[in-house]
Amino acid sequence: MDKERSSLLITKFCVYMFFAAALVLVFAGPFVIQAFLAVRRAEIAVLKNFFLVSLYTAAPFAFITLFHLNKLLLNIEGGQVFIRANPHHLNRVSWCCGAVAVICCVSTFYYTPFAIIAVAAAFVGMIVRVVKNVFEQAILLREEADYTI
Amino acid sequence: MAIIVNLDVMMARRKISAGQLAAEIGITPANLSILKNNKAKAIRFSTLEALCKALDCQPADILEFQDDD
């Protein structure tokens with residue numbers, strides 16, 4: 001049990017670290033983008049506002065994802081693994097990944113490397129959906145077992 | 001539900017309460033309630049055997065098939 005508990009703690013720590021990083025990025029976004037553009041070619045420096053729009057459009061989805069991941073981890077920590085709420089959280093995470101993929105897709109019109117992030121986000125969203133389906137089946141099996149007298 | 005569990009009828013005939021029956025067959029009153037209210041999805045043979053022994057009856061006295069169609 002110690003191994004599972006420490007694994008859960010590591011995952012929770014990662015979620016909180018990502019939350020902190022997302023907060024920092026929200027407030028320091030303009031400076032981060034400025035620094036990023038400073039090392040790139042001069043002609044894309046004019047795209048700063050586009051980068052900011054992409055960042056602040058995707059930010060809420062990042063926070064929603066982290067919120068649902070945290071709720072999922074809290075449920076698992078409380079021993080409530082195969083409950084109806086957990087696939088709901090995973091569903092929200094997958095839709096957020098999809099939304100970020102769409103935002104990155106649109107952003108490729110002004111900066112092509114966003115396509116890589118779009119594909120990665122869509123792929124992660126798809127993986128989360130598969131995990132959600134697995135959870136739903138596991139819940140059905142658990143209910144079947146619970147109602148076997 | 002196609003399979004109906006008629007435990008109430010047999011319990012009334014044998015004059016045994018739900019608590020007594022649950023204790024006798026080794027299941028919780030909550031699980032017995034699930035069985036009685038036709039909310040169970042499956043029943044183990046061991047549970048069916050214990051029920052038949054406790055109620056001195058046959059499985060057909062407890063279980064009834066009703067065609068949903």
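The structure this text deals with has already been given above.
Residues numbered from 1 in each chain as written. Chains lettered and ligands numbered in written order. Predicted model: local features only at pLDDT ≥ 70, side-chain atom pairs only at ≥ 80, totals over all residues. Heavy atoms only, no water.

S.K.: Would you mind going over helix α4 (residues 114-146) of chain A with me for this structure?
M.R.: All names here are of chain A. With 33 residues, α4 should reach 48 Å at 1.5 Å per residue; the first-to-last C-alpha distance of 47 Å fits that figure. Listed as buried for α4 are F114, A118, A121, G125, V128, K132, F135, A138, I139 and E143. Residues of α4 that are buried sit in contact with α2 (48-77) and α3 (85-107). (Helix = DSSP H or I, 4+ residues; strand = E, 2+ residues; numbered from the N terminus. Expected span 1.5 Å × (residues − 1). Buried < 20%, exposed > 50% of the residue type's maximum accessible area, 1.4 Å probe, protein only. Contact = heavy atoms within 4.5 Å.)

S.K.: For this particular structure, what's the right way to read the pattern of salt bridges?
M.R.: Side chains that carry opposite charge are capable of pairing whenever their charged atoms lie near each other. The full count for this structure, using the stated rule, is seven salt bridges over all chains. Its salt-bridge partner being R5(A), residue E77(A) comes within 3.3 Å of it at the nearest N-O pair. Taken as a pair, E77(A) in helix α2 and R5(A) in helix α1 (residues 2-38) lie far apart in primary sequence, 72 residues in all. Look at R5(A) and you get partly exposed, because its relative accessible area is 44%. Across the pair K53(B) and E49(B) runs a salt bridge whose closest N-O atoms are separated by 3.3 Å. Separated by four residues within a single helix, K53(B) and E49(B) lie in helix α4 (residues 45-55), roughly one turn from each other. Using a relative accessible area of 46% as the deciding quantity, one classes E49(B) as partly exposed. (Salt bridge = Lys/Arg side-chain N within 4 Å of Asp/Glu carboxyl O.)

S.K.: What's the story with the side chain of S54(A) in this structure? I'm lost.
M.R.: Along the chain, S54(A) falls in helix α2. If sequence neighbours within four positions are ignored, S54(A) has contacts with I103(A), S107(A), Y110(A) and F114(A).

S.K.: I keep staring at the nonpolar core and nothing clicks. Help me out?
M.R.: One recurring pattern in soluble globular proteins: nonpolar side chains tend to sit buried together. The biggest cluster of nonpolar side chains holds 21 residues, and the ones touching the most others in it are L7(B), L21(B), L51(B), L55(B) and I62(B). Of all the secondary-structure elements, those providing two or more residues to this core are α1 (7-14), α2 (18-25), α3 (29-36) and α4 of chain B. Broken down by element, the residue count for this core peaks at five residues, all from α4(B). Once residues within four sequence positions are removed from consideration, L7(B) is found in contact with L21(B), L32(B), L35(B), K36(B), L51(B), L55(B) and I62(B). Core analysis: the next-biggest nonpolar cluster, separate from the first, contains 16 residues, A58(A), I103(A), A118(A) and A121(A) among them. (Core = buried A, V, L, I, M, F, W, Y, C linked by side-chain atoms within 4.5 Å.)

S.K.: I tried to follow the interface of chain B and chain A on my own but got confused; where do I start?
M.R.: Note: interface size is frequently given as the accessible area lost on complex formation between the parts. Between chain B and chain A, the contact holds 11 residues from the first and five residues from the second. Between chain B and chain A, a total of about 740 Å² is buried, with carbon and sulfur atoms accounting for 65% of that surface. On the chain B side of the interface with chain A, the three residues burying the most area are K41(B), A42(B) and R44(B), jointly 59% of the side's total. Across the contact surface, chain B and chain A share zero salt bridges. Applying the counting rule to chain B against chain A returns six residue pairs in polar contact (both at pLDDT 80 or more). Of all the elements, α3(B) adds the most residues to the side of chain B that touches chain A, at three residues. The residue inventory of the side of chain B that touches chain A, partitioned by class, reads six nonpolar, two polar and three charged. (Buried area = accessible area lost by both parts, 1.4 Å probe. Polar contact = N/O pair within 3.5 Å; in protein donor to acceptor, adjacent residues only side chain to side chain. Nonpolar A, V, L, I, M, F, W, Y, C, P; charged D, E, K, R; others polar.)

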